[in-house]
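Chain and residue survey
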2 protein chains.
Amino acid sequence: MNGKLYGVGVGPGDPELMTLKAVRLIRENQVIALPGPVPEETIAYRIAVQAVPELAEKILLPAAMPMIMDRKKMRENHKKAADLIEPYLQSQKNVIFLTLGDSTIYSTFHYVQDILADRGYDTELVSGIPSFCAAAARANLPLAKWNEPLHILPAIHRTELALDQPGNYILMKSGSKMAQVKERLRESSREVTMVENCGMPEEKIYRSIDDIPDDAGYYSLIIAKESKCHYASVPNTIITT
Amino acid sequence: MNGKLYGVGVGPGDPELMTLKAVRLIRENQVIALPGPVPEETIAYRIAVQAVPELAEKILLPAAMPMIMDRKKMRENHKKAADLIEPYLQSQKNVIFLTLGDSTIYSTFHYVQDILADRGYDTELVSGIPSFCAAAARANLPLAKWNEPLHILPAIHRTELALDQPGNYILMKSGSKMAQVKERLRESSREVTMVENCGMPEEKIYRSIDDIPDDAGYYSLIIAKESKCHYASVPNTIITT
């Protein structure tokens, strides 16, 4: 029987936010893939090795899949990563692919997963703490209460950034366009909190738009909440938790 | 010095999806609050006790805060829960309040947190795996790729359910209005997956609208993805992961 490919989220930075399952899968398996040309230099590795020091003794596969402008080249990289992993699956070894945050949200893992699933291998996703949950926790702020909708936008790719839906917004990876993003946030009259490098030693929390520097880092996450809760009315359904 | 109040997510059901931090906080502290009239009968307890059996030996506080129609009565319940917890904080004990899923998203914890923070106590949120991440992982489905927005709606409270934004939708707690929700999903032409009782022994996954029963359970979570990805264009920014 072939081995299985696992896409495992290691959370956003704090090694204590790794799940018991992530820790167990790393411990129980010998082959670990990491998203970068030098496995030991990836953020996912640096997080996981703190919680599971024996990671350093494993077979580490460099699955380098940078997001680049050349679509064809990018596809080649995905195929290369899949080709790197496949022989281990064939030789009945599971491969644990570690990803930052959660493995279902904006993860490059799914490219490799698609290729290897098409080639007939079993795959499994294992949840990790998403960066936006951890950022909200670090800012000691509920992301969504009661019946507030929550909208997550990978802002970096959106030239037109509308913040016009009811509910709260999360803007991810706004770093490179921060000046424009700040302008939109000001227009929206929302309550803004930004967490930079969440859970890392250099973490920084900003509590107003004016405090946010225009040259904020890539791992910046903005929480933009409605100033007034439009949903604080009595619900028309009885539910219990 | 007073004790500190922690709101700790235990994830959506599978005890292995608990974080190392949740496990440590339960182990290191004696007083654990649970959201229900009988602590041992809450889902949060049943999840956590499987990963941390010594939870059964702790002081368990019943912080019952059902969501009910009577707003005044609900506020009284929040105050009662806070009053139940406060003496332990005063006697320098931390209180670990366990919540299902993540503690920042649709958790009743923030009501108690607000009250006790106003009374001058330190509080901290500790992330857990949100139900929608775990549901996507169980369905082996990425929630959002590349630059797809992601919208999370607590559908039960929304009489008007629009699914007209670009990106993917998550509908939580649709159980009681499933027939209407299914109608809207059909109109939206989205690819629909529903996960019922995610991570629990009675978990069930539905891969099409037609398969979803009108009487689906309360812990049902719907993932409605755009049939075609409108965002698959080459990004105009080079980013690395």
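Residues numbered from 1 in each chain as written. Chains lettered and ligands numbered in written order. Predicted model: local features only at pLDDT ≥ 70, side-chain atom pairs only at ≥ 80, totals over all residues. Heavy atoms only, no water.

Along its length, chain A carries 6 helices and 10 strands. For 241 residues, the compact-globule estimate of 2.2 N^0.38 gives 18 Å, and chain A sits close to it at 20 Å. Its C-alpha atoms give chain A principal-axis dimensions of roughly 60 × 45 × 35 Å. The buried share among the 241 residues of chain A stands at 60%. Long-range pairs, those at least 24 residues apart, make up 68% of the contacts in chain A between residues at least 6 apart in sequence. Per element, the accessible surface of chain A, about 9,700 Å² overall, is 49% carbon and sulfur. Each charge class in chain A can be summarised by its mean position, and for the 27 positive and 30 negative side chains these summaries are 2 Å apart. (Helix = DSSP H or I, 4+ residues; strand = E, 2+ residues; numbered from the N terminus. Rg over C-alpha atoms; globule rule 2.2 N^0.38 Å. Buried < 20%, exposed > 50% of the residue type's maximum accessible area, 1.4 Å probe, protein only. Contact = heavy atoms within 4.5 Å. Areas by Shrake-Rupley, 256 points an atom, 1.4 Å probe, with all protein chains shown as cover. Lys, Arg positive; Asp, Glu negative; His and termini not counted. Charge placed at Lys NZ, Arg CZ, Asp CG, Glu CD.)

Residue and element names in this part refer to chain A. By volume, the second largest pocket is sized at about 600 Å³. If you go around the second largest pocket, you meet 33 residues; those closest to its centre are Leu100, Gly101, Lys173, Tyr218 and Tyr219. Contributing elements (two or more residues each) for the lining of the second largest pocket: helix H2 (43-51), helix H5 (131-138) and strand S10 (220-225). Partitioned by chemical class, the residues of the lining of the second largest pocket number 19 nonpolar, 10 polar and 4 charged. (1 Å grid on protein atoms, 1.4 Å probe; cavity = no way out; pocket = protein on both sides within 12 Å on 5 of 7 lines; lining within 4 Å. Points joined across faces, edges and corners; volume = space filled by probe spheres on them. Nonpolar A, V, L, I, M, F, W, Y, C, P; charged D, E, K, R; others polar.)

Take the relation of the copies chain B and chain A next. You can overlay chain B on chain A at an RMSD of 0.0 Å; the transform is a turn of 180° with a shift of 0.0 Å along its axis. Those values place the two copies in the arrangement expected of a two-fold rotation axis. A symmetric contact is evident, with 100% of the interface residues of chain B recurring at the interface of chain A. (Least-squares fit on C-alpha atoms with pLDDT ≥ 70 in both.)

Here we take up the environment of leucine 17 of chain B. Residues and elements named next belong to chain B. Mapped onto the elements, leucine 17 comes out in the loop between strand S1 (5-9) and helix H1 (20-28). A relative accessible area of 9% places leucine 17 in the buried class. Linking leucine 17 and aspartate 83, residues 66 residues apart in sequence, is a C-alpha distance of 31 Å.

The 10 strands are arranged S9(A)-S8(A)-S10(A)-S7(A)-S6(A)-S6(B)-S7(B)-S10(B)-S8(B)-S9(B) in an open sheet whose pairing can be described as mixed. Two strands bound the open sheet, and with one partner strand each, they are strand S9 (204-206) of chain A together with strand S9 (204-206) of chain B. Between one strand and the next, the sheet's axes are offset by a mean angle of 15°, whatever the strand orientation. In this sheet, strand S6 (residues 150-154) of chain B lies alongside strand S6 (residues 150-153) of chain A in antiparallel orientation, the contact comprising 3 bridges. Across the sheet, histidine 151 of chain A pairs through a bridge with histidine 151 of chain B, a residue of S6 of chain B. Sitting on the sheet, helix H6 (residues 178-188) of chain A is in contact with strand S7 (168-172), strand S8 (191-196) and S10 of chain A, with an inclination near 10° to S10 of chain A. Relative to the sheet, helix H6 (residues 178-188) of chain B contacts strand S7 (168-172), strand S8 (191-196) and strand S10 (220-225) of chain B, its axis offset from that of S10 of chain B by approximately 10°. (Pairing = 2+ DSSP bridges. Axes fitted to C-alpha atoms, helices over the stretch in contact; angles between N-to-C directions.)

One finds Met18, Leu98 and Phe132 of chain A together with Met18, Leu98 and Phe132 of chain B to be the most contacted residues of the largest nonpolar core, which totals 84 residues. With residues near it in sequence (within four places) discarded, leucine 98 of chain A still touches Val8, Val10, Ile26, Ile32, Ala33, Leu34, Pro35, Ala44, Ala48 and Leu55 of chain A. (Core = buried A, V, L, I, M, F, W, Y, C linked by side-chain atoms within 4.5 Å.)

Glancing now at the sheet that holds strand S5 (residues 123-126) of chain A. Sheet strands line up and pair through hydrogen bonds in the backbone, either parallel or antiparallel. Residues and elements named next belong to chain A. Spatially, S3-S2-S4-S1-S5 is the arrangement adopted by the 5 strands of the open sheet, whose pairing is parallel. What marks the edges here is a single partner per strand, and that holds for strand S3 (59-62) and S5. Strand-to-strand twist across the sheet, computed as the mean angle between neighbouring axes with direction ignored, equals 25°. Bridge count for strand S2 (residues 31-34) against S3 is 4 bridges, and the pairing is parallel. When the bridges of S3 are listed, leucine 34 appears paired with proline 62.

On to the packing of helix H3 (residues 71-90) of chain A against helix H4 (residues 109-118) of chain A. Residue and element names in this part refer to chain A. For the pair H3 and H4, the least separation of the axes is 9 Å and the interaxial angle reads 55°. Taken together, H3 and H4 sit at an angle that is classed as oblique. Note that H3 runs across H4; the crossing there is right-handed. In this structure, H3 uses His78, Lys79, Ala81, Ala82, Ile85, Glu86 and Leu89 to contact H4, whose residues at the interface are Tyr111, Val112, Ile115 and Leu116. Among the residues making up the contact of H3 with H4, the classes are represented as 8 nonpolar, 1 polar and 2 charged. (Parallel < 35°, antiparallel > 145°, perpendicular 65-115°, else oblique. Left-handed = near helix turned anticlockwise from the far one by under 90°.)

Another aspect to go through is the environment of valine 126 of chain B. Of note, valine 126 of chain B is situated in strand S5 (residues 123-126). Distance from valine 126 of chain B to threonine 19 of chain B, taken between C-alpha atoms, is 9.2 Å for residues 107 residues apart in sequence. Apart from the residues within four sequence positions on either side, valine 126 of chain B is in contact with Leu17 of chain A together with Tyr6, Gly7, Val8, Gly9, Lys21, Leu25 and Ser103 of chain B.

Looking now at the interface of chain B and chain A. Between chain B and chain A, the contact holds 77 residues from the first and 77 residues from the second. Counting each side, the surface lost to burial between chain B and chain A is near 6,800 Å², with a carbon and sulfur contribution of 59%. There are 4 salt bridges connecting chain B and chain A. With a closest N to O distance of 3.8 Å, lysine 145 of chain A and aspartate 114 of chain B form a salt bridge. The interface formed by chain B and chain A contains 25 residue pairs in polar contact (both at pLDDT 80 or more). Broken down by secondary-structure element, the contributors of at least two residues to the side of chain B that touches chain A are H1, helix H3 (71-90), helix H4 (109-118), S5, helix H5 (131-138) and S6 of chain B. (Buried area = accessible area lost by both parts, 1.4 Å probe. Salt bridge = Lys/Arg side-chain N within 4 Å of Asp/Glu carboxyl O. Polar contact = N/O pair within 3.5 Å; in protein donor to acceptor, adjacent residues only side chain to side chain.)

All names here are of chain A. In this model, chain A carries an average pLDDT of 90, and 92% of its residues clear a pLDDT of 70 or more. Note on residues 229-241: pLDDT is under 50 here. Beyond four places in sequence and across chains, it has 37 contacts. Interface scoring of the predicted complex returns ipTM 0.91; its pTM is 0.91. (pLDDT = per-residue confidence, 0-100.)

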